[in-house]
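Here is what each chain is made of, one letter per residue.
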Amino acid sequence: MTNLLIKEMIQMIKNSFQNIYEQELGVSSLNKNISCPFHEDKKPSMRIALSGKYQGRFKCFSCGASGDVIDFVAKNRGIAVHGIEFTTLIKELTTHGGV
């Protein structure tokens, strides 16, 4: 897989961030605070920017976890963001992630 193809796939994933977050989190709406899956969250403390400068990025205001949709899925699934697992994740998200 060429670097150009991977970059194009990453951009496609980032453009479809809402579908991917909804699937990963099992929610139907991202218009409110969400319980963070990275710590025991009694009061929903994670927010996903749906528009603006930080569109597609998540931030937990309790544990500090943050990043884009790819960072989120990798962290949620325990996958390193480099190497073969990352390439496999990119392929999977473009195939099955609503992209």
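As shown above, the structure is provided for reference.
A quick note: this is a predicted structure, and the numbers were derived from the prediction, not measured. (Residues numbered from 1 in each chain as written. Predicted model: local features only at pLDDT ≥ 70, side-chain atom pairs only at ≥ 80, totals over all residues. Heavy atoms only, no water.)

> Honestly, the overall build of the chain in this entry has me stumped. Any pointers?
Helix and strand content of the chain: four helices and three strands. By principal-axis analysis of the C-alpha atoms, the chain measures approximately 40 × 25 × 25 Å. Out of the 99 residues in the chain, the part that is buried amounts to 33%. Contacts in the chain between residues far apart in sequence, at least 24 positions, make up 44% of those at least 6 positions apart. (Helix = DSSP H or I, 4+ residues; strand = E, 2+ residues; numbered from the N terminus. Buried < 20%, exposed > 50% of the residue type's maximum accessible area, 1.4 Å probe, protein only. Contact = heavy atoms within 4.5 Å.)

> I tried to follow the packing of helix H2 (residues 17-25) against helix H3 (residues 69-77) on my own but got confused; where do I start?
Helix packing geometry: the angle between the two helix axes and the distance between the axes. For the pair H2 and H3, interaxial distance at closest approach is 10 Å and the crossing angle is 15°. In terms of orientation, H2 and H3 fall into the roughly parallel class. Where H2 crosses over H3, the handedness of that crossing is left-handed. Along its contact with H2, which presents Phe 17, Ile 20, Tyr 21, Glu 24 and Leu 25, the element H3 presents Val 69, Phe 72, Val 73, Asn 76 and Arg 77. Counted by class, the contact of H2 with H3 contains seven nonpolar, one polar and two charged residues. (Axes fitted to C-alpha atoms, helices over the stretch in contact; angles between N-to-C directions. Parallel < 35°, antiparallel > 145°, perpendicular 65-115°, else oblique. Left-handed = near helix turned anticlockwise from the far one by under 90°. Nonpolar A, V, L, I, M, F, W, Y, C, P; charged D, E, K, R; others polar.)

> How should I be thinking about the nonpolar core in this particular structure?
Across soluble globular proteins, nonpolar side chains have a tendency to be buried as a group. Counting residues in hydrophobic clusters, the biggest one holds 25 residues, and the most contacted among them are Tyr 21, Leu 25, Met 46 and Ile 48. Residue assignment for this core shows that the elements contributing at least two residues are helix H1 (3-15), H2, strand E1 (46-48), strand E2 (58-60), H3 and helix H4 (84-96). For Leu 25, the residues in contact, after removing those within four places along its chain, are Leu 30, Ile 34, Pro 37, Met 46, Ile 48 and Phe 72. (Core = buried A, V, L, I, M, F, W, Y, C linked by side-chain atoms within 4.5 Å.)

> I would appreciate a short explanation of the sheet that holds strand E3 (residues 66-67) in the present structure.
Strand pairing in a sheet takes place through backbone hydrogen bonds and is either antiparallel or parallel in direction. With antiparallel pairing, the three strands of this open sheet are ordered in space as E1-E2-E3. A strand with exactly one partner marks an edge of an open sheet, and here the two such strands are E1 and E3. Summarising the sheet, E1 and E2 pair through three bridges and their orientation is antiparallel. Counterpart to Met 46 in the pairing with E2 is Cys 60. Sitting on the sheet, H2 is in contact with E1, E2 and E3, with an inclination near 150° to E1. (Pairing = 2+ DSSP bridges.)

> Explain the pattern of salt bridges here, please?
Between side chains of opposite charge, a pair can form as their charged atoms come close. Scanning the entire structure with this criterion turns up three salt bridges. Note that Lys 14 and Asp 68 form a salt bridge whose closest N and O atoms lie 3.2 Å from each other. Of the two residues, Lys 14 sits in helix H1 while Asp 68 sits in the loop between E3 and H3, which places them 54 residues apart along the sequence. According to the relative accessible area criterion, Asp 68 is buried, its value standing at 12%. Residues participating in the shared-partner salt-bridge network are Glu 24, Arg 77 and Glu 92. (Salt bridge = Lys/Arg side-chain N within 4 Å of Asp/Glu carboxyl O.)

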